[in-house]
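Analysis of the macromolecular model
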Amino acid sequence: RYKDQGLTVVWVNVVPYEARKIPKWIKDHQVTIPILKGASQASLQRDYKLKMTPTHYLIDRDANILFTSAGYEEGSEKELEQKVRAALSLPPQ
């Protein structure tokens, strides 16, 4: 939705035993987002300080973390979208 405004998204798979399912899932859902896979679960949890999935990081062009959220509750995608819009200097919806 915000690609033309400069948003880039990358997913990181932290469940190595599910990595084999990713190609089919990408095809079935027509996902074009790059997905990092192959790193160990322990190193990803340590390096990214993950406590649960999904974990979202909104990072600006200067590598500053603007927003982070862990887990999912119904409606949390609305908060994430508002943070994305603010980061892109777009008015709230």
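Here's what I pulled together on the structure shown here. None of these values were measured; they are calculated from a predicted model. (Residues numbered from 1 in each chain as written. Predicted model: local features only at pLDDT ≥ 70, side-chain atom pairs only at ≥ 80, totals over all residues. Heavy atoms only, no water.)

1. Notes on the environment of Val9
In this fold, Val9 is placed in the segment before strand E1 (11-12). Spatially, the C-alpha atoms of Val9 and Leu90 are 17 Å apart, while their sequence positions differ by 81 residues. With residues near it in sequence (within four places) discarded, Val9 still touches Ile33 and Pro34. (Helix = DSSP H or I, 4+ residues; strand = E, 2+ residues; numbered from the N terminus. Contact = heavy atoms within 4.5 Å.)

2. Side note on helix H3 (residues 76-87)
For H3, built from twelve residues, the straight-helix expectation of 16 Å at 1.5 Å per residue is met to within 8% by its first-to-last C-alpha distance of 17 Å. All of the buried residues in H3 are Leu80, Glu81, Val84 and Arg85. The arc that holds the buried residues of H3, viewed along the axis, is 140°, so those residues lie on one side. Exposed and facing more than 90 degrees away from the buried side of H3 are Lys78 and Ala86. Phi for Ser89, located one or two positions after H3, is positive at around 60°. (Expected span 1.5 Å × (residues − 1). Buried < 20%, exposed > 50% of the residue type's maximum accessible area, 1.4 Å probe, protein only. Arc of directions from axis to C-beta.)

3. Observations concerning the environment of Ala87
Its location among the elements puts Ala87 in helix H3. With 28 residues separating them along the chain, Ala87 and Ile59 place their C-alpha atoms 8.9 Å apart.

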